[in-house]
Amino acid sequence: MLRVERLTKIFENSTDQIAGGIRDASFTLDPGTFFTMLGPSGCGKTTTLRCIAGLETPDDGIISVDGRALFDGGGKRINVPVEQRAVGMVFQSYAIWPHMTVAENVAFPLTVMKHRRYSRADIEQAVAKALAVVDLAGFQDRPAPRLSGGQQQRVALARAIVHEPRLLLLDEPLSNLDAQLRDEMRSELKRLQSRIGITTVYVTHDQSEALALSDQIAVIDKGTIRQIGSPQDIYFRPTNPFVARFVGATNLLAGRLVGAANGRGDVEVLGGRKITCLVPSAIADPSSVSVSIRPESVRLVPRADAPTIVGDNCIPGTVTGVVFLGATRRVDVVSDGVTLQVTTAADVLLPADGAVDLLFAPERTVALPGKVS
Amino acid sequence: MTASFDVARIDTAAERSAAAPRRSLLSAWQTAILSALLIVILSALVIPPFLLLVQGSLTVAGPTPSTSTFGLTNFEAVLSGRHIVTTTINSLVFAAASAALALLLGWATAWIVERTNTPLKPLAYLTAIISLGTPYILYVTAWLLFFGKAGPVNHLYRTLTGNIDVLINIYSMAGMVLVEGFLWSPLAFLLVSATLRNANPELEEAARVHGAGVWATIRRVTMRLSLPSIMALAMLVFIRAVEAFEVPALVGLPGRISVLTTDIYINMVARAPPDIGGASALSVLMLLLVFVLLYVYGRLSRHAERFATITGKGFRPRPFDLGRLRYVAAGILIFNFILLLLVPMLMLVWVSLLPFFQPVSAAALKLVSLSNYRTVLESGQLELMLNTLMVAVATATIAVGLTFVAGWLAVRRAPCGWIVDRLATIPLVFPGLILGIAVMQLFLAVPIPIYGTLGILVWAFVINYLPYGMRYSASGMLQIHRELEEAAAVCGATPMTRLRRIVAPLLAPALLAGWLFIFLMSARALSLPILLSGPRSQLMAVAMFDLWGNGQGTELAALGLMWSMLMTMIALVFYVVARRSAGGALGRA
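A.B. asks: Residue-level account of the overall build of chain B, with values.
C.D. replies: For chain B, the count of helices and strands is 24 helices and two strands. Going through the 589 residues of chain B one by one, you find that 58% of them count as buried. Within chain B, counting contacts between residues at least 6 apart in sequence, those at least 24 apart form 81% of the total. Surface accessibility of chain B: about 23800 Å² in total, with carbon and sulfur atoms responsible for 69%.

A.B. asks: Before we move on, could you go through the overall build of chain A and cite the residues and values that matter?
C.D. replies: From N to C terminus, chain A includes eight helices and 21 strands. Considering only C-alpha atoms, chain A reaches an extent of 80 × 50 × 40 Å along its principal axes. A buried classification covers 51% of the 373 residues belonging to chain A. Summed over all atoms, the accessible surface of chain A reaches about 16400 Å², with 50% contributed by carbon and sulfur. Here chain A contributes 40 positively and 40 negatively charged side chains, and the mean placements of these two sets differ by 3 Å.

A.B. asks: Hey, could you go over a nonpolar patch on the surface for me, with residue numbers and the actual values?
C.D. replies: A contiguous nonpolar surface patch, about 390 Å² in accessible area, is contributed by Leu120(B), Ile334(B), Ile338(B), Leu342(B) and Leu346(B). Residue classification places Ile334(B) among the partly exposed positions, given a relative accessible area of 34%.

A.B. asks: Lay out the side chain of Asn105(A) in plain terms, naming residues and giving numbers.
C.D. replies: Residue placement: Asn105(A) occurs in helix 2 (residues 102-111). By relative accessible area, Asn105(A) is classed as buried at 0%.

A.B. asks: Describe the pairing of strand 12 (residues 251-261) of chain A, listing the residues and the values that go with them.
C.D. replies: Residue and element names in this part refer to chain A. Bridge analysis of strand 12 against strand 15 (residues 289-293) gives five bridges, and the strand direction is antiparallel. Within strand 15, the position partnered with Asn251 by the bridge is Ile293. In this structure, the hairpin formed by strand 12 and strand 13 (residues 264-269) is closed by a connection of two residues, where Asn262 is found at a positive phi of approximately 55°.

A.B. asks: A description of the sheet that holds strand 20 (residues 355-360) of chain A should follow, citing residues and the corresponding values.
C.D. replies: All names here are of chain A. Pairing within the open sheet is antiparallel, and its five strands lie in the order 16-20-17-18-19. Every interior strand has two partners, whereas the edge strands, strand 16 (299-302) and strand 19 (338-345), have only one. When strand polarity is set aside, the average angle formed by the axes of neighbouring strands in this sheet is 45°. In terms of strand pairing, strand 18 (residues 328-335) meets strand 19 through eight bridges, oriented antiparallel. Paired with Arg330 across the bridge in strand 19 is Thr343.

A.B. asks: With reference to specific residues and values, describe helix 13 (residues 260-269) of chain B.
C.D. replies: Burial runs high along helix 13 of chain B: eight of the 10 residues are buried. Within the sequence span of helix 13 of chain B, burial applies to Leu260(B), Thr261(B), Thr262(B), Asp263(B), Ile264(B), Tyr265(B), Asn267(B) and Met268(B).

A.B. asks: Can you break down the pattern of salt bridges residue by residue, with the values?
C.D. replies: Residue and element names in this part refer to chain A. Counting across every chain of the model gives 21 salt bridges over all chains. Here Arg299 ties to Asp312 by a salt bridge, and the two come within 3.4 Å at their closest N and O atoms. Taken together, the residues span a long stretch of sequence, with Arg299 in strand 16 and Asp312 in the loop between strand 16 and strand 17 (313-324) at a distance of 13 residues. Residue classification places Arg299 among the partly exposed positions, given a relative accessible area of 35%.

A.B. asks: If you had to explain empty space enclosed by the protein to someone new, which residues and values would you point to?
C.D. replies: A probe matching the size of a water molecule, rolled over the atoms, marks out where space remains unfilled. Residue and element names in this part refer to chain B. Inspection of every chain in the model, using the stated rule, returns eight cavities of 30 Å³ or more. Each pocket or cavity is described by its volume, and for the largest cavity that value is around 570 Å³. Elements represented by at least two residues in the lining of the largest cavity include exactly helix 9 (173-198), helix 11 (214-242), helix 20 (454-479) and helix 22 (495-524). Ranked by residue count, the leading element in the lining of the largest cavity is helix 9, at four residues. Tallied by class, the residues present in the lining of the largest cavity amount to 21 nonpolar, three polar and five charged.

A.B. asks: For unusual backbone geometry, give the residues involved together with the corresponding values.
C.D. replies: Within the chain, Arg6(A) stands out as a residue other than glycine whose phi angle is a positive 45°. For Arg6(A), the location among the structural elements is in strand 1 (residues 2-11). Taking relative accessible area as the criterion, Arg6(A) reaches 41% and is therefore assigned partly exposed. For Leu120(B), which is not glycine, the phi dihedral falls at a positive 65°.

A.B. asks: Please give an account of the interface of chain B and chain A that cites residues and values.
C.D. replies: Listed per partner, the contact involves 28 residues of chain B and 27 residues of chain A. When the buried surface of chain B facing chain A is broken down by residue, Val490(B), Cys491(B) and Arg501(B) rank first, second and third, together holding 29% of it. One can count two salt bridges joining chain B with chain A. Between Glu83(A) and Arg498(B) there is a salt bridge; the shortest N-O distance is 3.7 Å. On inspection of chain B and its partner chain A, the count reaches five residue pairs in polar contact (both at pLDDT 80 or more). Considering only residue class, the side of chain B that touches chain A consists of 15 nonpolar, six polar and seven charged.

A.B. asks: Requested: an account of the pairing of strand 14 (residues 273-278) of chain A, with residues and values cited.
C.D. replies: Residues and elements named next belong to chain A. Looking at chain direction, strand 13 and strand 14 are connected through six bridges and run antiparallel. Looking at the pairing, Gly265 lines up with Cys277 of strand 14. Here strand 13 folds back onto strand 14 in antiparallel fashion, the turn holding three residues, of which Leu270 has a positive phi close to 50°.

A.B. asks: If you had to explain the domain arrangement of chain A to someone new, which residues and values would you point to?
C.D. replies: All names here are of chain A. When its domains are assigned, chain A resolves into domain 1 (2-236) and domain 2 (241-369). For domain 1 and domain 2, the distance between their C-alpha centres works out to 38 Å. Of the roughly 1100 Å² buried at the junction of domain 1 and domain 2 (both faces included), carbon and sulfur atoms supply 69%. The interface formed by domain 1 and domain 2 contains zero salt bridges. Counting across the interface, domain 1 meets domain 2 through three residue pairs in polar contact (both at pLDDT 80 or more). Residue assignment for the side of domain 1 that touches domain 2 shows that the elements contributing at least two residues are helix 6 (207-213), strand 10 (216-221), strand 11 (224-229) and helix 7 (231-236). Of the residues that constitute the side of domain 1 that touches domain 2, the class distribution is eight nonpolar, four polar and two charged.

Rules of the game
Residues numbered from 1 in each chain as written. Chains lettered and ligands numbered in written order. Predicted model: local features only at pLDDT ≥ 70, side-chain atom pairs only at ≥ 80, totals over all residues. Heavy atoms only, no water. Helix = DSSP H or I, 4+ residues; strand = E, 2+ residues; numbered from the N terminus. Buried < 20%, exposed > 50% of the residue type's maximum accessible area, 1.4 Å probe, protein only. Contact = heavy atoms within 4.5 Å. Areas by Shrake-Rupley, 256 points an atom, 1.4 Å probe, with all protein chains shown as cover. Lys, Arg positive; Asp, Glu negative; His and termini not counted. Charge placed at Lys NZ, Arg CZ, Asp CG, Glu CD. Patch = residues over 30% accessible without salt bridge, like charges linked within 9 Å, V, L, I, M, F, W, Y side chains within 5 Å. Salt bridge = Lys/Arg side-chain N within 4 Å of Asp/Glu carboxyl O. Pairing = 2+ DSSP bridges. Axes fitted to C-alpha atoms, helices over the stretch in contact; angles between N-to-C directions. 1 Å grid on protein atoms, 1.4 Å probe; cavity = no way out; pocket = protein on both sides within 12 Å on 5 of 7 lines; lining within 4 Å. Points joined across faces, edges and corners; volume = space filled by probe spheres on them. Nonpolar A, V, L, I, M, F, W, Y, C, P; charged D, E, K, R; others polar. Buried area = accessible area lost by both parts, 1.4 Å probe. Polar contact = N/O pair within 3.5 Å; in protein donor to acceptor, adjacent residues only side chain to side chain. Domains from an automatic or database assignment.

In C-alpha cells:
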C-alpha cells in the first residue's frame, strides 16, 4: 500500500554541525496496517512522516501509495505537491483553525477539493458522519477556541478522515494530553483505526503507545531505522542494544559469544559465567556482544534454595536496594560488581542476608551485537 | 507591542525565524509567481529613489540643463570647509542628548507603570496615546510658545525678578534637545514597557526567593536583563533623532544651529534655483551614516532578544510593592503627564482662543474668543483634512496589502522570499526628507504626470512605510503556528487558498494594527511631504508648518487641536488593537 524506499532527508545545521533528518529509510505497509515510527526526539521520525505528507521534500528515495509515486528522487523526478496527495493528517498541535467552527474545520478538506464539487448537503452529511465517528456529534457550531484538548484532538481526527483518505498520518497526537486522557484516547484511536481500516502511520516517542497501538513498529535512532517488526518482536527479540534499551527497561551485560546454532548460543558474562541466550541476528564479532535481560523476566530465589527449573540461567547476586512501586518492586542486585535491576511482585520475600540467585529463561535472554555503550 | 513600534530594524524576517528549521512549505508555482510579482513591484518602488539620488549627487549643474556634467564636484563642495564638520557634530550631539533624555523619561515611566503598584498608571498611557495621534509639529510649536521669549516661563521669570533678560533661551542646542527628548519620551515609554512586559518574571522571582531584596533584584537582575534592549532602544531613538526634521527646522534654524537634515532642506528651499546636486550629495552621505547606524542597531537588538523570554503563559508578574515610595512614583507620573501632555495642550488651547499671541494674563482674558476656530473651519481647511485622510488611507492600505503577502513569503521561506524581505526593509535607511528629494527627482525625470498631486505623496509614503508594514506582517506571521497552514495544505488547499482562508483571517488583527499605525504616521508626517506637497496637494502637517512660518500661530493652534482630537480617537483604536494582536494567543500552540 505505502512503499517507502531509501528515503533520505538531511538537515545540516550550520552553527553546531549536528545534522538531523533520516537516512535510507525503507519500509512497505500492507493495507490497513497501523505502523508506528518510534524513537527519541530528533531521531528523524517526524521528518519521515512530513516527507510522506509532502511537507518536506526528500533529498532522495521513493514514496508511493498504491503504486502511484508521490515522490521519486530518481531520473525523472516526481514530487506531487502536498495538496494533491490526498492524505489525512493529525498534527502534534492539532492545528485546529481558531477562526472557524468545528464544522468549518472538519468540512475544510471537502471545500478545497479540486477534482470534485460537493453540495452543501453532502458536506453536512460527511461532517456529521466524521464527527459521529469521533464521538463529537452535535458539536458542529462550537467555535474552535472553545474546545478542550481532548475535543480538539477529536476534531483534528475528524478533519483527517472526513475526505476518506487512503493514508492517515498521525504526528504525536497524544503527547499534548494529560495522562488519563492519553490512555483513553489511545484505546479509542486503536478502536477507530480498526473500524475504518485505514492504513495509518503514527509517530511517537512513547514506547508504551507504540506497543499498545501498532501492527508494525519501526524503531529509529539518529536518522536510521534500527529495527522493524511486530510489537512482540521488538520487545522480546530486539536485534541491537539500542532497541532493547529504548523499548522497555532492560539490563545489558557485556559478554563474549562462545558458540551459536539454530538461533541459540552461549555467552560468557560477568567474568566467565556462561548463560544461554537467543541469538536473533547475525553477530559479526563474537568477542563483543551485549546480553539483554528484562527486569521482569528474572526471578529472585534465596541462595540456599536449589534452582527449581532445569535449563534456566542462574547467576548469584546480592540485594543492595529495594524501591517500592505499588504493584511491583524494583530490586537492585549486584553480581560481580555489576548492578542488575529486577522487577518482582510486591509481596515476594527476600532473604535477610540479601544473598540471592537470579533465574531467567534462555527464551527471555537475548544476545545482541555490539558492546554495551 | 514590541512589534508595534520597533520598526527600525535592518535584520530580516528570515533571520528572525532562523531558529525554525529550514523548511520550504511553499514550493508550488503559485508561490513562485507571487514572489516574482512582489519582487517586481517592490523593486519598482524601492530602487529608483536610490538611483536618482546618486545620479543627482553626481550631476554638476551647468547654466542650462543641457550643459550639466557628471563629476564629484557636489561632494567636494559639501565636504570642503568646516561647515560639514560643525553640522555633523551638531547632528550627533543633538541626537545623542535627546535620545538619552527621551529614554530616561521613558524608562522611568515604563518601569513605574509595568513593575510597581503605583496608582495613576493610566496617565502614562493617556500621554502616550495622544502623542501618537498628534503631529510633532504641533507639539514643537506648543513648547516653543511655552518656553519662548513671551511664553509663560520667561514671562513669569521677568515678572518675578524684574529682569528684562530671559530665563530659558529655547532657540539653542539645549532647547532643541529638550523639545526632541520630550517628543520621543512617550514612544520610548511604549517601547520600554513592551520590553518589560516580555521579560520573564520568574527570573526576578528567583532572585527574590534566593534572598535578594527589592533594590538588589532591580539592580542585579532587572536592570542587567533589560540593559541590552535599552541599549537597542537608545540606538533606535538616536537614529530617529539624527533624521529628525521638525525640531531642527523650527528650533534650530531660528537659533542658527544647523544639523544635517536642515542643511539639506536649506539647499532645496533657500536657494533659487534649488541646489539639487548639493542636497543630493549631502543626502547620499547621510544615507551612509544612517545605514551604518541601523546596522549597529540590528546587531544590538538581536543581542537584546536573547533575554526577551516571552513565556506565553499570559500571566503578569507580581508588581514590586514600593510602600510609601509609591506616592513619589505617582508624583513622577503626574509630573510626566503635566509636562508632556497638559502643558502643551493647555498652551495650545490658550493660544487658539486669542486673536494674536499674548502672554497668559488676566488682561488677555478679555480677548478670548472662538474666532480662530471659525476662521479655520471657514477657510477651506476641510480640503486639507480630506487630502491628509485620503493620503493616509491610501498609504496604509497599499503598504499593508503589499507587506501582507511579502511577510508571508518571507516568514514561510518561499523561493526568493529573502529578496522580498530585503526589498521591503531597505527604505528604513531613508530619512523622510531625503526620500522626498529622491521621489521628487524621480517624477521630474520620468514622464508620469503625478508631480504636484496627491499621487506622488502616496507613492513616497508607501515606500517610506513598507518596513513598518513588514514588521507588523512578519511578526504577526511568526505567531501563527505553521502547522495551521500545513494542516490546510494536507487537506488539499493550494497556496492561494491557504493565504485567503487561513493566513488572512489569522493575521487580520496584526494587519489592522499595522494599518492604523501607518495611517497615524502618514497623517502626521512632515519631513517627507514638505518638499512634495504642491498648492493643490497640501497636507495637514505641511499646512501647520506654513502657518507657523507665516506667524499664524493662533490659527495653527485651533486647527491642530481639532485635528489631534480626531487623530487621538484613531490612536486609541490603534492602541487597543495593537495590544490585543500582540498578546494574541491566536493560533499559538
